[in-house]
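Descriptive analysis of the structure
What follows is each chain in one-letter form.
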Amino acid sequence: MSGRAAAVPLAVFGVLLAAAGALPLAAPFDPDAMPDTAALRVLPPLSTAFRVARRDRPDVWATAVTTRGDVLILERAPRPLEVKLSDLSAPVESRTFLLGTDQLGRDILSRCLSGSRLSILVAGAAVAVAALVGTAVGTLAGAFGPRLDAGLMRVTDVVLSFPRVFLVLLLASLFSRSVTLVVLALGLTGWMGIARQVRAETLSLRAREFALAATALGARPARLALRHLLPNALTPVLTEIGLRFAGALLAESSLSYLGIGVPPPQATWGTIVADGRDSLATAWWISVVPGLFLVATALAVGAAADSLRRALIPGARR
Amino acid sequence: MGRYLVRRSFSSLVTLFGVLTLVFFLVRLHPGDVSLLYDDPGMDDAAREAIRRAYGLDQPLASQYVLFLASTLRLEFGSSFSHHRPVAQVIAETIPLTALLAGAGLFVELLAGTGLALLLDRRRAAGRGTIAGTCVLALHSIPSFWLGLVLVAVFAHGLGLLPPSGAGPPGAAAVHLVDRLRHLLLPAATLGLAGAPAIARHLAASLERVSSADFVRTARAKGLSPRAVLLRHALKPALLPVVTIVGLSLPLLVSGALVVEVVFAWPGMGRLAINALHARDYPLVIACTAVAGAAVVAGGLVADLVHAAIDPRVRDAHSSDRVGRP
């Protein structure tokens, strides 16, 4: 039972990683291309538009096409355009924008699919940093005596009592914006919970017989910590990582929304939401759609982490 | 109570000291000359020298640190580049609005959290906890800035019921108060709903513990309906540990308030900090960070003292100051 219960969340993580790699390839349009901003801006979801290829001139797009004699009349903003049939270099092609377009006429679905890679990678890297720092601090605090423990836990308390966004804000004001900065800022403000869990686990392991035996056999504190305590203290880290991943995903998107996240032109789901906030009254889909991607991913990972926790830790409650 | 108060206050002071230390050294991580951070491009050389002396920027790190602590504790944060006024004054103007938003958000959070927890508890009692649990998890997975935008799109742009942004005109006249409340509704709901799942989970766990206590069994044995047992007997003691959870979730509340203020253009301290960041107004950014950290430490202290005041077991039983932390 527990093996099967653990298989589901692991499968979810696998699917997620595969999605981060493959989803951008599934984008129906070039996510950054602005083929015809005037005609394609803020089309609602499920809109169809027509691409008209002309000889020696750039392609134009239209929301409707009618013929009058040998002239094509293209319905498009700001005013209709007439194109002679003889000027066409290819048949008129109709394309559907499943989730609509933004103010620059870019396809939202393609942008969300291509944004998935950076969103997932940044969150994953941030959690890796947090897990690394948290495990190190937790092991140091738990395995090397009460004085170091008291000091490190005091530091943990201080960072924990700091509102995370303000801390990241301060970092963002001091350094130039980059993906690395976002990863480090999120990682260095997210390790405290993991540190506490590892410390608690290490402290309880240190009193167990196998640890006493190792000490009795002459193992130094460093060897005891690395070879005996740390490997056994990693179970909570494993389950925390999933929960933290969802948190990091949401935190990164908040930062991108605030304008202190991943710098443009790179886009994450948070940046796409931010792109739409000024058009919310007229074009809600620009902000709402990428948020749905975020919520769905966070929910899937959160649910997976929850069931992983229940599978690995007997007696864990919701 | 007296000893607990002294011990807990002392521990808060140490944490506050740690928070300010953290801010000081983070600022010193700046790759360039730190004194540049305090250079207003519009200043002449004499004013620049005066500022450098005031912050001790021409002195070694240790004395800079002492000067930073001293001036922060006296609430002297220097002069804001973008507002051309003392930073303390600029921040003081925004604090009432942020406090109002955070207070209203906390109210919504407790209300929604308690409601969700009662729902969770009923489902658990019926042996069908999964669906309600998933609902809480779903709410947990919604970023507050996006929730805010969706609420604006529905209630402000779609239905036209509430204003989409701002805090309304200043003033305390009755008309203004109603207007202020209308402006407050959506931001407070956003902030509260973001924090509600955490409250709900802890309260539901607490309810589960309480429901196996003797007095609950007695209440049940008296023939009270499950509803009366839950609301009149189990809920009150189960709410006690939630006070500590509120204290611990204050950093989240303050972080959330910043995001919500930006989404709703609510002129509070968070929005001030973000605008200061974009204007490269470093004294203001640094001061906002310090004030936010200090506010959380103070709020945590208040929460723990309230908890101790209503639950004598807390102040008597625990000798460590990390009481009740998970």
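For chain B, the helix and strand inventory stands at 13 helices and zero strands. Reading chain B from its N end, one meets helices and strands in the order α-α-α-α-α-α-α-α-α-α-α-α-α. Across the 326 residues in chain B, those meeting the buried criterion constitute 48%. Pairs at least 24 residues apart make up 70% of the contacts formed inside chain B by residues separated by at least 6 positions. Surface exposure of chain B reaches about 15,500 Å², of which carbon and sulfur atoms provide 67%.

In this assembly, 56 residues from chain B lie in contact with 48 residues from chain A. Between chain B and chain A, a total of about 4,500 Å² is buried, with carbon and sulfur atoms accounting for 74% of that surface. On inspection of chain B and its partner chain A, the count reaches zero salt bridges. Taken together, chain B and chain A are joined by seven residue pairs in polar contact (both at pLDDT 80 or more).

Bringing the packing of aromatic side chains into the picture now. Geometrically, a pair of aromatic rings is defined through the distance of the ring centres and the angle of the planes. Inspection of every chain in the model, using the stated rule, returns 10 aromatic pairs over all chains. Judged by centre distance (4.6 Å) and plane angle (10°), the rings of F29 of chain A and F97 of chain A are stacked. Of this pair, F29 of chain A sits in the loop between helix 1 (2-22) and helix 2 (37-40) while F97 of chain A sits in strand 6 (residues 93-97), placing them 68 residues apart in sequence. A relative accessible area of 14% means that F29 of chain A is categorised as buried. Judged by relative accessible area, F97 of chain A falls into the buried class, the value being 1%. Ring pairs connect the aromatic residues F24, F25, Y65 and F68 of chain B, which therefore count as one cluster. The side chain of R95 of chain A reaches across the aromatic face of F29 of chain A, ending 4.3 Å from its centre. A cation over a ring is seen here: R277 of chain A above Y257 of chain A, with NZ or CZ 4.7 Å from the ring centre.

Residues and elements named next belong to chain A. What the three strands build is an open sheet, ordered 2-1-6; its pairing is antiparallel. Two strands bound the open sheet, and with one partner strand each, they are strand 2 (60-62) and strand 6. The mean angle between the axes of side-by-side strands here comes to 35°, regardless of whether they run parallel or antiparallel. Examined bridge by bridge, strand 1 (residues 47-52) and strand 6 share five bridges and lie antiparallel to one another. Each bridged residue has a counterpart across the sheet, and for S47 the counterpart in strand 6 is F97.

Here we take up the layout of surface pockets. All names here are of chain B. By volume, the second largest pocket is sized at about 550 Å³. Of all the elements in the fold, those that place two or more residues in the lining of the second largest pocket are helix 1 (2-27), helix 3 (61-73), helix 4 (87-125), helix 10 (250-263), helix 11 (269-278) and helix 12 (282-310). No other element matches the nine residues that helix 12 contributes to the lining of the second largest pocket. For the lining of the second largest pocket, the residue count by class is 25 nonpolar, five polar and one charged.

A word on unusual backbone geometry. Not every positive phi belongs to a glycine, and V42 of chain A is a case in point at roughly 40°. When you line up the elements, V42 of chain A lands in the loop between helix 2 and strand 1. Backbone geometry places R280 of chain B, a non-glycine residue, at a positive phi of 55°. Relative to the helices and strands, R280 of chain B is located in the loop between helix 11 and helix 12. Owing to a relative accessible area of 46%, R280 of chain B belongs among the partly exposed residues under this scheme.

We now examine the pairing of strand 5 (residues 81-84) of chain A. The side chains of a regular strand alternate, residue by residue, between the two faces of the sheet. All names here are of chain A. As paired elements, strand 4 (residues 71-75) and strand 5 share four bridges and run antiparallel to each other. The residue bridging L72 from the neighbouring strand is V83, located in strand 5. In sequence, strand 4 turns back onto strand 5 through a hairpin of five residues.

Following the sequence through the fold, T202 of chain A ends up in helix 7 (residues 192-206). A relative accessible area of 1% places T202 of chain A in the buried class.

Counting 124 residues, the largest nonpolar core has Y257 and L258 of chain A together with I91, F145, L284, I286 and C288 of chain B as the members making the most contacts within it. When neighbours within four sequence positions are excluded, I91 of chain B is seen to be in contact with M269, L272, L284, A287, C288 and V291 of chain B.

Here chain A shows a mean pLDDT of 83. Residues at 70 or above account for 95%. No element of chain A has a lower mean pLDDT than helix 1 of chain A, which averages 68, and none a higher one than helix 6 (residues 179-188) of chain A, which averages 91.

The next point concerns the sheet that holds strand 5 of chain A. Residue and element names in this part refer to chain A. A sheet is described by the order of its strands in space; here three strands give the open sequence 3-4-5, paired in antiparallel fashion. Edge positions in the sheet fall to strand 3 (64-68) and strand 5, since each has one partner strand and no second. Geometrically, the sheet is characterised by an average inter-axis angle of 25° between neighbouring strands, direction not taken into account.

Residues and elements named next belong to chain A. In contact at an axis separation of 9 Å, helix 9 (residues 221-258) and helix 11 (residues 285-312) are set at 165° when each is read in the N-to-C sense. By the angle class used here, helix 9 and helix 11 are roughly antiparallel. Both helix 9 and helix 11 take part in a crossing whose hand is left-handed. Across the interface between the two elements, T235, L238, T239, G242, L243, F245, A246, L249, L250 and S253 from helix 9 touch L294, T297, A298, V301, G302, A305, D306, L308, R309 and L312 from helix 11. Classifying every residue of the contact of helix 9 with helix 11 gives 12 nonpolar, six polar and two charged.

Calculation notes
- Residues numbered from 1 in each chain as written.
- Chains lettered and ligands numbered in written order.
- Predicted model: local features only at pLDDT ≥ 70, side-chain atom pairs only at ≥ 80, totals over all residues.
- Heavy atoms only, no water.
- Helix = DSSP H or I, 4+ residues; strand = E, 2+ residues; numbered from the N terminus.
- Buried < 20%, exposed > 50% of the residue type's maximum accessible area, 1.4 Å probe, protein only.
- Contact = heavy atoms within 4.5 Å.
- Areas by Shrake-Rupley, 256 points an atom, 1.4 Å probe, with all protein chains shown as cover.
- Buried area = accessible area lost by both parts, 1.4 Å probe.
- Salt bridge = Lys/Arg side-chain N within 4 Å of Asp/Glu carboxyl O.
- Polar contact = N/O pair within 3.5 Å; in protein donor to acceptor, adjacent residues only side chain to side chain.
- Phe/Tyr/Trp six-rings, centres within 6.5 Å; stacked < 30°, edge-to-face > 60°.
- Lys NZ or Arg CZ within 6 Å of the ring centre and 35° of its normal.
- Pairing = 2+ DSSP bridges.
- Axes fitted to C-alpha atoms, helices over the stretch in contact; angles between N-to-C directions.
- 1 Å grid on protein atoms, 1.4 Å probe; cavity = no way out; pocket = protein on both sides within 12 Å on 5 of 7 lines; lining within 4 Å.
- Points joined across faces, edges and corners; volume = space filled by probe spheres on them.
- Nonpolar A, V, L, I, M, F, W, Y, C, P; charged D, E, K, R; others polar.
- Core = buried A, V, L, I, M, F, W, Y, C linked by side-chain atoms within 4.5 Å.
- pLDDT = per-residue confidence, 0-100.
- Parallel < 35°, antiparallel > 145°, perpendicular 65-115°, else oblique.
- Left-handed = near helix turned anticlockwise from the far one by under 90°.

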